[in-house]
Amino acid sequence: MPALYDPAAARAIDRLATDALGGDGYVLMQRAGLAAWRVLLDRWPRAQRITIACGGGNNGGDGYVLARLALQSGRTVRVLHPVDGGPRTPLAQRACTDYVAAGGRIDLFPAVLDDADVLVDALLGIGLDAAPRADIAALVAALDAAAAPVFSLDVPSGIDAGRGSAPGTTLRAQCTLQFIVPHAGLRTGAALDHTGDLLLDPLDVDVAACAEAVPPAARLLQADVLRGWLPPRRRDTHKGQSGRVLCVGGDHGGGGAIVLCAEAALRAGAGLVQVATREAHVPALLARRPEAMVRGIEGTGEFAPMLDAHGVVACGPGLGQGEWGRVLFERVLASGRPLVLDADALNLLADAPRAVAGAILTPHPGAAARLLGIDTAAIQRDRYAAAAALVECYGCTVVLKGAGTIVAAPGEVPCVVAAGNPGMATGGMGDLLTGAIAAMRAQGLSPFDAACAGALLHALAGDAAAAQSGQRGLLPSDLLPWLQRHANPENT
């Protein structure tokens, strides 16, 4: 799984790479400018008028190198500084001097931007950790409002490269080129709506050697890792070896949620799936999915044998927070079984917080906020920190859902899912995820691996379903056949 780095780690690797090159950071800056120039030529080969917005740091220095190369190629080039701009680091000053010596032009913003074919954003890079100051924010806003496409160097200005949040004015790039290492923040949260096509150039740096001394902030979950978790089954496999899942939920008015959970567990490969729900939902569930073994539960007497007979319990979809749901939830927690908790199970847990070692929690940002006693905005400002706080508080594996789902667990490097789409933002998608993760756990994966595999499987199924019929109007049930297909990665 590819490593992702926060700004501190990226700077450390940059220093190690500079040392390996004899201590001259300008070598890397020239490589970055050249790499950016190659991308610009590839994506906008007919662009003749190029405007580069350069900040005062080394990101601006990369922009000056690009500006010089474009100027030397015969393009019409203009560099823009914010009102209080100009190079502030020795490397940026060196690059600026070389650009001016080549005949380069520098203007102060405000300036007209509509005469450019391409706008290059080299303002802030990885240094942002708060809202941009007023003069830079004005330039960022103007770049975003201009008609020409925006090409960002390393990070779209206004995005926090470590957290993925947008603390102030932010632009939307059509393309972002990262240098040396990929940034953790560009894979989750608000960043996903601002990077455009996300590229990486290692600048001929031996990243593996440098990274040995610098731990990653996260790892990227991509489709190819599923094969390691879901190998082809042996010819003599029987259903007991594929695991047993008990899905608990579906109070009055919530029967559909537990149906989706059970179907997902079946499609993701669980050998046996049983459902404990309200008696009223039994006929409909059997009619829709006869493969699920369903029992109506109105008291706890008939529930205990079901708990005893199953390896993994998925609790929460449609559970409700009434007396029925509370009683079942407490029995589930006391069972000692491997657990996947979602929806109302998380709400009940938030009402009486306690450690649930070995469990897997699957909160969306709102549920995560309730579990931590903070607001949703705080979760979204730093999704990695929020996932870590949930792990610390509850002592278990956590799947923080949303754009760039994050999976975290005690002692593990967090993983972020490189799949999923806005069409999945609809009621019932989380019920599928609960069932898919429970199925992974039932098939013998550890809590962390099961959470990673289930979250990735769910996101890939969502992308496949959206590719077939579009994102708008996508239904959770549209994902079910794709869950099965991606649960057999040898066939994809």
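Above this note sits the structure.
Remember, predicted model here, so these are calculated numbers, not experimental data. (Residues numbered from 1 in each chain as written. Predicted model: local features only at pLDDT ≥ 70, side-chain atom pairs only at ≥ 80, totals over all residues. Heavy atoms only, no water.)

Draft legend 1. Examining the environment of Ala-352 more closely. Structurally, Ala-352 is set in the loop between helix 12 (344–351) and strand 15 (360–361). The class of Ala-352 is partly exposed, set by a relative accessible area of 32%. For the pair Ala-352 and Asp-114, spaced 238 residues apart in the sequence, the C-alpha separation amounts to 57 Å. (Helix = DSSP H or I, 4+ residues; strand = E, 2+ residues; numbered from the N terminus. Buried < 20%, exposed > 50% of the residue type's maximum accessible area, 1.4 Å probe, protein only.)

Draft legend 2. Main features of the packing of aromatic side chains. Taken as a whole and judged by the stated rule, the model has 1 aromatic pair. A centroid spacing of 5.7 Å and a plane angle of 50° characterise the contact between Trp-44 and Phe-151, whose relative ring orientation is tilted. On the criterion of sequence distance, the pair formed by Trp-44 in the loop between helix 2 (25–43) and strand 2 (49–54) and Phe-151 in strand 6 (residues 150–153) is long-range, its members being 107 residues apart. For Trp-44, a relative accessible area of 15% puts it in the buried group. Its relative accessible area of 0% is what places Phe-151 among the buried residues. The lysine or arginine in question, Arg-43, covers the ring of Trp-44, its NZ or CZ lying 5.7 Å from the ring centre. (Phe/Tyr/Trp six-rings, centres within 6.5 Å; stacked < 30°, edge-to-face > 60°. Lys NZ or Arg CZ within 6 Å of the ring centre and 35° of its normal.)

Draft legend 3. Local environment of helix 1 (residues 7–20). Under the 1.5 Å per step criterion, the end-to-end length of helix 1 is 20 Å for 14 residues, consistent within 8% with the ideal 20 Å. Three or more residues of helix 1 are buried, namely Pro-7, Ala-9, Ala-10, Ala-12, Ile-13, Ala-17 and Thr-18. In the core, the buried residues of helix 1 are packed alongside helix 2 and helix 6 (207–211). Positioned one or two residues after helix 1, Gly-22 has a phi angle of 90°, which is positive. (Expected span 1.5 Å × (residues − 1). Contact = heavy atoms within 4.5 Å.)

Draft legend 4. Region of interest: the packing of helix 3 (residues 58–72) against helix 4 (residues 90–101). Running from N to C, helix 3 and helix 4 point in directions that differ by 15°, and their axes come no closer than 8 Å. Relative to helix 4, helix 3 is oriented roughly parallel. Crossing geometry of helix 3 relative to helix 4 is assigned as left-handed. In this structure, helix 3 contributes Asn-58, Gly-61, Tyr-64, Val-65, Ala-67, Arg-68 and Leu-71 to the contact, and helix 4 contributes Leu-91, Ala-92, Ala-95, Cys-96, Asp-98 and Tyr-99. Among the residues making up the contact of helix 3 with helix 4, the classes are represented as 9 nonpolar, 2 polar and 2 charged. (Axes fitted to C-alpha atoms, helices over the stretch in contact; angles between N-to-C directions. Parallel < 35°, antiparallel > 145°, perpendicular 65-115°, else oblique. Left-handed = near helix turned anticlockwise from the far one by under 90°. Nonpolar A, V, L, I, M, F, W, Y, C, P; charged D, E, K, R; others polar.)

Draft legend 5. Geometry of the sheet that holds strand 5 (residues 118–122). One open sheet accounts for 7 strands, arranged 4-3-2-5-6-7-8; its pairing is parallel. Edge strands, defined here as strands with exactly one partner in the open sheet, are strand 4 (106–108) and strand 8 (197–201). Between one strand and the next, the sheet's axes are offset by a mean angle of 25°, whatever the strand orientation. In this sheet, strand 4 lies alongside strand 3 (residues 76–81) in parallel orientation, the contact comprising 3 bridges. Counted as the bridge partner of Val-79 is Ile-106 from strand 4. (Pairing = 2+ DSSP bridges.)

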